[in-house]
Amino acid sequence: MSFEYPKYYLKYGFPNPFLAEKPLNILIHISSASIILPMIISLMRVKFLRKPYYPVVIYVWVTGFVEAAAKYVKYGLHESNNLLYNCQTILEFTLISLIFYYVFDRDFLKKGILLLITLFIPIALVLIVENPFYFNENLNGTSGLLLILITLTYFYRLLQNMSIPILSHSAMFWISSGVLLYFSGTIFVYIFSSVVFENNMPLWSINLYLNILFHIMLTIGIWQIKE
Amino acid sequence: MENPSGIIAGTIAMLLMAVFIVAFMVFYQQKQFRQKAEARKREEEYQLQLLEASLEVQEAERRRIAADLHDDIGTLLSATRLSLSQVSRSSKGSATDVQETKELLDEAIQNVRRISKELLPSALDNFGLVAAFDEFVSKIRKHTGIDVVFHHDTLSQERFDAKVELSLYRIGQELVNNSLKHSGATHIEIMLMHQQSRLVLSVNDNGGGFNLTDVQKPNSGLGLKNIESRLNVIGGTVFFDVAEGKGSHIVANVPLNA
């Protein structure tokens, strides 16, 4: 199953999964549209929102707008939307880290997260400015790896505190599990993304499935935000 | 590079994390169960301590009242009787009236002694369970005329933990009083046995019996809750073999190493 990529992919670097063409077309659109689910549920839970969940909802809405803008850039302007996705990586890392910043109970963990954000943003900006239309797999890989570590720390703290009576009723448990599954599944795909495309292997479907799974888990998590 | 290394690695990583999440949930729940069980155990221990403290306070209060009755009121009544005797010798009052008053005073003195003995079973403190039950049974026989018998095996000289002795004595008292008040029994049998590492007290009667479910309801007035509470504190158990119209057979079992 091989196909040719548009020439601007070669000019601007390898595309991200959301730009792949057939046969993943339908899956790509479903994956992009899946963010609508948590967006709708966040509207229903808006009156129960409190500190740790603000970044979750902001993340969901930012992702929704980025998806919409990316579609417009691709299908309306016929340009590369890698810049949008690169910028989204920064926002994604910052917002998801902030969720954990609010739920961590130890000062050194909070400070650690602030330090990571402070280091990540300028480095990411430099990399993006150097090559704005290149989908930077290292940036994504690093962001994913850091978020996995932060989430695992959260699970460790959870086990120490035992502060959640029923795990399946906890918004944070669903959100953290979603983060862990999504980033652990996609991190290697991003790291090896150039290899995958060089070999004409449009196997980005794993990303797309995980993206849908992540959005479903975010939806359940936001649904669990109650008084 | 022909192998989709990223996909394979990504899939493995994701599966590992999925397994991790499931394992985390299982481990978390197990830890939660353990913590809940420990909390429940602590709560039970705390309740037991409260119960023990309340029983101790109850006993201390009984002792105080018994001492007050014996030392103050008993002495006062005896002095009054003596004084009345002297007054009757020197005055010209009616001999019958004085005699009646003396008899009333004698009765009051006896009642005070009886109540104070019931409140503070000195035989229990001094000679143990068998002596205390012997005294109790003879007193009941004398006052009620009901056929109350006490059997025991060869433990007449043995002494046990003070808490165990007092609890079993109070339980026996409570059960016999229940039989007297509610069952209409004409024969009551108390048995005390030392079996290996436990003491067994049984109280049987030929009365009307009772419905266990009814008397276990709050405010039933039979004091079965008291019996259970006392046994809880010393790690004992109670067995009720009762039915309406068929008498009652109640057995309290207390481990001696508790």
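Okay, so let's go over this structure. Computed from a predicted structure; not experimentally measured.

### Considerations on the overall build of chain A
Of regular secondary structure, chain A possesses ten helices and zero strands. Its helices and strands taken in sequence order, chain A reads α-α-α-α-α-α-α-α-α-α from the N to the C terminus. Among the 227 residues that make up chain A, the fraction classed as buried is 56%. For chain A, restricting intrachain contacts to residue pairs at least 6 apart in sequence, the fraction spanning at least 24 positions comes to 75%. For chain A, the accessible area works out to roughly 10,300 Å², and carbon and sulfur atoms hold 69% of it.

### A short note on helix α2 (residues 95-119) of chain B
Taking 1.5 Å of rise per residue, 25 residues should cover 36 Å, and α2 of chain B covers 36 Å from first to last C-alpha, within 8% of that figure. Residues V98, K102, L105, I109, V112, S116 and L119 of chain B constitute the buried set of α2 of chain B.

### What to know about the environment of V56 of chain A
All names here are of chain A. Structurally, V56 can be placed in helix α4 (residues 54-76). Residue classification places V56 among the buried residues on the basis of a relative accessible area of 1%. In this structure, the C-alpha to C-alpha distance between V56 and S97, residues 41 residues apart in sequence, is 9.9 Å.

### Describing the pairing of strand β3 (residues 198-205) of chain B
All names here are of chain B. Counting buried positions over the eight residues of β3 gives seven, a clear majority of the element. Pairing of strand β2 (residues 187-195) with β3, which is carried by eight bridges, proceeds in the antiparallel orientation. Within β3, the position partnered with I190 by the bridge is V203. Taken together, β2 and the strand that follows it, β3, pair antiparallel across an intervening segment of two residues, in which Q196 is found at a positive phi of about 45 degrees.

### Digging into the packing of helix α6 (residues 107-130) of chain A against helix α7 (residues 137-161) of chain A
Residues and elements named next belong to chain A. At a minimum axis separation of 11 Å, α6 and α7 run at an interaxial angle of 170 degrees. Between α6 and α7, the angle is such that the two are roughly antiparallel. Contacts between α6 and α7 involve L109, I113, L116, F120, A124, L127 and I128 from the former and L139, S143, L146, I150, T153 and R157 from the latter. Class assignment of the residues belonging to the contact of α6 with α7 gives a composition of ten nonpolar, two polar and one charged.

### Digging into the packing of helix α3 (residues 36-44) of chain A against α4 of chain A
Residue and element names in this part refer to chain A. Put simply, α3 and α4 touch, their axes get as near as 9 Å, and they point 140 degrees apart. Between α3 and α4, the interaxial angle falls into the category oblique. The interaxial crossing formed by α3 with α4 has left-handed handedness. Together, P38, M39, S42 and L43 of α3 and V57, V60, W61 and G64 of α4 make up the contact between the two elements. Each residue belonging to the contact of α3 with α4 can be placed in one class, and the counts come to six nonpolar, two polar and no charged.

### Topic: the pattern of salt bridges
All names here are of chain B. Overall, the coordinates contain nine salt bridges over all chains when judged by the stated rule. The salt bridge partner of E59 is R230, with a shortest N-O separation of 3.3 Å. In this pair, E59 sits in helix α1 (residues 5-90) while R230 sits in helix α7 (residues 224-233), placing the two residues 171 residues apart along the sequence. Given the relative accessible area of 6%, E59 is considered buried. Taking relative accessible area as the criterion, R230 reaches 7% and is therefore assigned buried. When the shortest N-O distance is used, the salt bridge between R81 and D106 registers 2.4 Å. Note that R81 is positioned in helix α1 and D106 in helix α2, a separation of 25 residues in sequence.

### Describing the side chain of D205 of chain B
Residue and element names in this part refer to chain B. Within the fold, D205 resides in strand β3. Summary of buried charges: D205 has no salt-bridge partner, and the nearest side chain of opposite charge, K181, is 13 Å away. Separated by 2.5 Å, the side chains of D205 and S179 make a polar contact. Contact partners of D205, with chain neighbours within four places excluded, come to S179, S183, A185, H187, I188, G247 and S248.

### Notes on the environment of H249 of chain B
Structurally, the position occupied by H249 of chain B is in strand β5 (residues 248-255). Spatially, the C-alpha atoms of H249 of chain B and N204 of chain B are 4.5 Å apart, while their sequence positions differ by 45 residues.

### Brief notes about the packing of aromatic side chains
Applying the stated criterion across every chain, the model contains 20 aromatic pairs over all chains. Between F173 of chain A and F24 of chain B, the aromatic rings sit 6.4 Å apart at their centres with planes inclined by 20 degrees, giving stacked as the arrangement. Linking F173 of chain A in helix α8 (residues 171-191) with F24 of chain B in helix α1, this pair reaches from one chain into another. The pair F173 of chain A / F24 of chain B is uniform in exposure class, with both members buried.

Rules used in this analysis
- Once a new chain begins, its residue numbering starts again from 1 and follows that chain's sequence as written.
- Written order decides the labels, with chains lettered from A and ligands numbered from 1.
- Totals for whole chains, interfaces and linings use every residue, but because this is a predicted model, local features are given only for residues with pLDDT of at least 70 and side-chain atom pairs only at 80 or more, for both listing and counting.
- As a convention, hydrogens and water are excluded, and side-chain values are obtained from all of the structure's heavy atoms.
- Each helix corresponds to a stretch of at least 4 residues labelled H or I by DSSP, and each strand to a stretch of at least 2 residues labelled E; elements are numbered beginning at the N terminus.
- Partly exposed describes any residue whose relative accessible area lies between the buried limit of under 20% and the exposed limit of over 50%, with all areas from a 1.4 Å probe on protein chains only and scaled to the type maximum.
- Contacts are assigned to residue pairs with any non-hydrogen atoms lying within 4.5 Å of each other.
- Each accessible area is a Shrake-Rupley result for a 1.4 Å probe, and residues are judged covered by the shown protein chains and nothing else.
- Under the convention used throughout, the expected extent of a helix is 1.5 Å for every residue step, that is, one less than its residue count.
- Pairing between strands is defined by DSSP: at least two bridges between the two strands are required.
- For helices, the fitted axis covers only the stretch in contact; all axes are lines through C-alpha atoms, and the angles between them, taken along N-to-C directions, range from 0 to 180 degrees.
- The cut-offs work like this: below 35 degrees is roughly parallel, past 145 is roughly antiparallel, 65 to 115 is roughly perpendicular, and the gaps in between are oblique.
- Note on residue categories: nonpolar means Ala, Val, Leu, Ile, Met, Phe, Trp, Tyr, Cys or Pro, charged means Asp, Glu, Lys or Arg, and polar means any other residue, Gly included.
- Handedness of each helix crossing follows the sense of rotation of the near helix against the far helix: counterclockwise by less than a right angle gives left-handed, clockwise gives right-handed.
- We define a salt bridge as a side-chain nitrogen of Lys or Arg found within 4 Å of a carboxyl oxygen belonging to Asp or Glu.
- Positive charges come from Lys and Arg, negative ones from Asp and Glu, while His and the chain ends are left out of the count.
- Any pair of nitrogen or oxygen atoms within 3.5 Å is treated as a polar contact; in protein, a donor-acceptor pairing is required on top of that, and neighbouring residues in sequence qualify only through side-chain atoms on both sides.
- In this analysis, rings of Phe, Tyr and Trp, with Trp reduced to its six-membered ring, are considered paired at centre separations within 6.5 Å, and the interplanar angle assigns stacked below 30 degrees, edge-to-face beyond 60, and tilted for intermediate values.

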